[in-house]
Amino acid sequence: MTSSPCAKTLVKTLLKTPQNLKTKFQAKQLHAQFLKTQPHSPSSTSILISIYTNFNLLQGSLFLFNSLRAPPLLAWKSIIKCYANAGLFANTLTCFIQMRGFGVYPDHRMFPFVLKACAFLKNLRLGESIHGCIIRLGLDFDLFTGNALLNMYAKLRSVEVNGGRKVFTFNMVDRMPKSDELCETLSQEKGESVIQLDSVTKVFKMMPERDVVSWNTVIAGNAQNGMSEEALRMVREMGHANMKPDSFTLSSVLPIFAEYVDVMKGKEIHGYAIRHRFDSDWYIGSSLIDMYANCAGIEDSCRVFNLLPQKDDISWNSIIAGCVQNGMFDEGLKLFRRMLMAKVKPREVSFASIMPACAYLTTLHLGKQLHGYIIRGGFDVNMFIASSLVDMYAKCGNIKAARWIFDHMEHHDMVSWTAIIMGHAMHGHARDALSLFKKMEMDGVKPNYISFIAVFTACSHVGLTDEAWRHFNSMSQNHGITPGLEHYAAMADLLGRAGKLEEASEFISRMHITPTGSIWSTLLSACRVHKNLELAEKVVKEIFKVDPENVGAYVLMSNIYAAARRWRDAAKMRILMKKKKLRKEPACSWIEVKNSVHTFISGDKSHPLYDRIYEALKDLLEQIEREGYIPDTSEVFHDVEEEQKKYLLFSHCERLALAFGIISTPAGTTIRITKNIRVCVDCHTAIKFISKIVQREIIVRDNSRFHHFKDGKCSCGDYW
């Protein structure tokens, strides 16, 4: 541009048609030529401010705005819009107050930004005052203003219970705090009426014109506030009003079907989305993935994900979370790697979703890699991610790292407290767990349902029955928490481990809810440990009453009979299992070496290094026998010769994993093994001897706790 008659003409033309400006640079060029060629006028300056606002140039807008002595409506409207778009909502409202002080009346295009500010600042009273101003100015007929009011009330909905029915109230007479200058100023414009009605519904019904946005706002507001039936009713009414649901409508109602686990209704929505070509929409795709995953249809979730033409971070996070929630931990980790390879940057929710997979699979190396990524991305300050890290390290056997992260968290919520308490409980550090529980209460964090499970678990692993009873009674008396199945199971396990079998049996019989097969099974397991055949026979009958297909009960009872050398009765149990086509889950152990997880099943010879593993085991057996190890064949529940029993012990899966770990890692490396069932007594004894001979720490996680073997001793003190 040049300072010439042509330039003057061009500036005037552009001021009349600002929509022709396409870039911020062009807007600044126009400003420069305006200063050179045009006399200063409030109307022209206001147009420039509106142009700057359209490009979100806040500083330039403010510079021009402050040059006006009496800004006209367009200038006020533009600067309020610019503040709102920049997320400066307090400034938005302050500017609105100043405008009213100048006696300038707002128009219908200004209120959507002011109402947006009220919604984000969560100031319902101020929003009501703005609503009163809209009504007094006669602008409540405007579609965009009405939609903004709907959005604000939906986000600021306050729930009260009136006779068992949910109502939503706001009081137009209530006074606002004098210290709140904005509220105080606007309160002068309030009406004197009292409204006790659902504000969203009231605004919606009074709107002379409604568009799809109006319907979507009400439907989404109902869905987000837990009013699922109302949301679905509004979808039906939307159809009756000849309004076609769009992708936003569908993404609002799909979570309802996920919550109700109503996959058939969800499939109907899916069909509608396909017919109207919404299925390629990111939000619809992510909502469908979540819906199918919550309804245990993870295969359908994967199909939806794979058919998406483009995948954003939301769709990736949805499928990863779905796989982890449905127990497909390996698949979740594979998808996380694929997401990184696709150059999609993980967010906080990505790490919170994938951490449980690392914890379950005890892949400490991968967990450490993720931790490094979290630190580099600056996500470690996020409380939810820090809590996930505490849980992951605890479940992967590194309780010291878990405690370090917990101690360095700036704030602790219920999740982080529960994670560290349960972590110490699983590692047998009962005193630390109970001390943390007490500190949590002192810090003003109220224990919840899960917290008490952690406390009972801690007490169970060291036999603190009196302490457990005290907390069990306190749970209902002092905290108003009704004991659930998990609490009863933990207490029954505690009493059983402590040898108080009759007390455990009486405790289960007195439960206020019907005992499940799993609760009786904890007592049956204790009967096996303490060799109480008579009580075991009574308990197994109770199990079969409520859970006749309980595989574990058949196996346990068979083993109890075998230990008592009642081979016929043991065989009968096995025959019953065959008739019912019940299969025992095979004992399995796995170990992570050099970024790969190696799995072993008892007696399995399929591993490529089996010959070396066998030789290493043989050598270790000779060494530990010289140290005083004597095989305990009482744990072998087969009617075979003694030598065969010794061989069966020799080939237990945890020993195969241990031998592989020893030959595959440098001397002194800590070995971490996970087993899917309880470690047997003989393997426990053998690993204690091995830890002393090889001079290594060996950490074994079974289905109930961690065992830290070092220098011939175990952290459990032989109580597990």
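Note: the structure precedes this text.
Only a predicted model underlies this, so the values are computations on that prediction, with no experimental measurement involved. (Residues numbered from 1 in each chain as written. Predicted model: local features only at pLDDT ≥ 70, side-chain atom pairs only at ≥ 80, totals over all residues. Heavy atoms only, no water.)

K.L.:
Help me out: how do you make sense of empty space enclosed by the protein in this one?
P.N.:
Sizing a probe to match a water molecule and rolling it over the atoms shows the empty space that remains. Following the criterion strictly, the structure yields three cavities of 30 Å³ or more and no others. Each pocket or cavity is described by its volume, and for the second largest cavity that value is around 50 Å³. Lining the second largest cavity, in full, are L617, L620, L621, I624, F650, R655 and I690. Per element, the largest residue contribution to the lining of the second largest cavity is four residues, and it comes from helix α34 (residues 610-626). A class-by-class count of the residues in the lining of the second largest cavity yields six nonpolar, no polar and one charged. (1 Å grid on protein atoms, 1.4 Å probe; cavity = no way out; pocket = protein on both sides within 12 Å on 5 of 7 lines; lining within 4 Å. Points joined across faces, edges and corners; volume = space filled by probe spheres on them. Helix = DSSP H or I, 4+ residues; strand = E, 2+ residues; numbered from the N terminus. Nonpolar A, V, L, I, M, F, W, Y, C, P; charged D, E, K, R; others polar.)

K.L.:
Whenever I open this one, helix α36 (residues 653-664) confuses me. Can you help?
P.N.:
Quick reminder: α-helices carry 3.6 residues per turn. Residues three or four places apart thus point the same way. Taking 1.5 Å of rise per residue, the twelve residues of α36 would be expected to cover 16 Å, and the 16 Å separating its terminal C-alpha atoms lies within 8% of that figure. Across the twelve residues of α36, eleven count as buried, placing the element largely inside the fold. (Expected span 1.5 Å × (residues − 1). Buried < 20%, exposed > 50% of the residue type's maximum accessible area, 1.4 Å probe, protein only.)

K.L.:
I tried to follow the sheet that holds strand β7 (residues 671-675) on my own but got confused; where do I start?
P.N.:
Think of a sheet as strands paired side by side through backbone hydrogen bonds, with each pair either parallel or antiparallel. The strand order across the open sheet formed by six strands is β6-β5-β7-β8-β9-β10, and the pairing between neighbours is mixed. Each having just a single partner strand, β6 (596-601) and β10 (713-714) make up the two edges of the open sheet. For β7 and strand β8 (residues 698-701), the ladder comprises four bridges, and the chain directions are parallel. The partner of R672 across the bridge, within β8, is I699. (Pairing = 2+ DSSP bridges.)

K.L.:
Quick question: what am I supposed to make of the pattern of salt bridges here?
P.N.:
Pairs may arise between side chains of opposite charge once their charged atoms sit close together. Applying the stated rule across the entire model yields 18 salt bridges. Where R470 meets E467, a salt bridge forms, and the shortest distance between an N and an O atom there is 3.0 Å. Taken together, the residues R470 and E467, both in helix α27 (residues 465-477) and three residues apart, mark about one turn of the helix. Relative accessible area serves as the criterion here: at 48%, R470 is assigned to the partly exposed category. E506 is the partner of R510 in a salt bridge, and the nearest nitrogen-oxygen pair spans 3.2 Å. Exposure remark for E506: the relative accessible area of 47% places this residue in the partly exposed category. Each of the salt bridges in this network shares a partner with another, and the network as a whole consists of E230, R233 and E237. (Salt bridge = Lys/Arg side-chain N within 4 Å of Asp/Glu carboxyl O.)

K.L.:
Got a minute to help me understand the nonpolar core in this structure?
P.N.:
Looking at soluble globular proteins, one finds that nonpolar side chains tend to be buried together. Grouped together as the largest cluster of nonpolar side chains are 179 residues, with contacts concentrated most on F456, L523, L524 and M557. For M557, the contacting residues outside a window of four places in its chain are L524, L533, A536, E537, V540 and M573. The next biggest cluster of nonpolar side chains, apart from the first, holds 33 residues, and it includes I591, F600, I690 and V700. (Core = buried A, V, L, I, M, F, W, Y, C linked by side-chain atoms within 4.5 Å. Contact = heavy atoms within 4.5 Å.)

K.L.:
I tried to follow the state of the cysteines on my own but got confused; where do I start?
P.N.:
The term disulfide refers to a covalent linkage connecting the sulfur atoms of a pair of cysteines. Under the counting rule described, the total for this entry stands at zero disulfides. The cysteine C302 is free of any disulfide, with C323 supplying the nearest cysteine sulfur at 4.5 Å. Free of any disulfide, C716 has its nearest neighbouring cysteine sulfur in C714, separated by 3.4 Å. Classification of C716 by relative accessible area gives buried; the value is 7%. (Disulfide = S-S within 2.5 Å.)

K.L.:
What is the right way to look at the environment of L436 in this model?
P.N.:
Tracing the chain through its elements places L436 in helix α25 (residues 430-442). Taking C-alpha positions, L436 is 19 Å from H487, a pair spaced 51 residues apart along the chain. Apart from the residues within four sequence positions on either side, L436 is in contact with R403, F406, W417, I420, I421 and H424.

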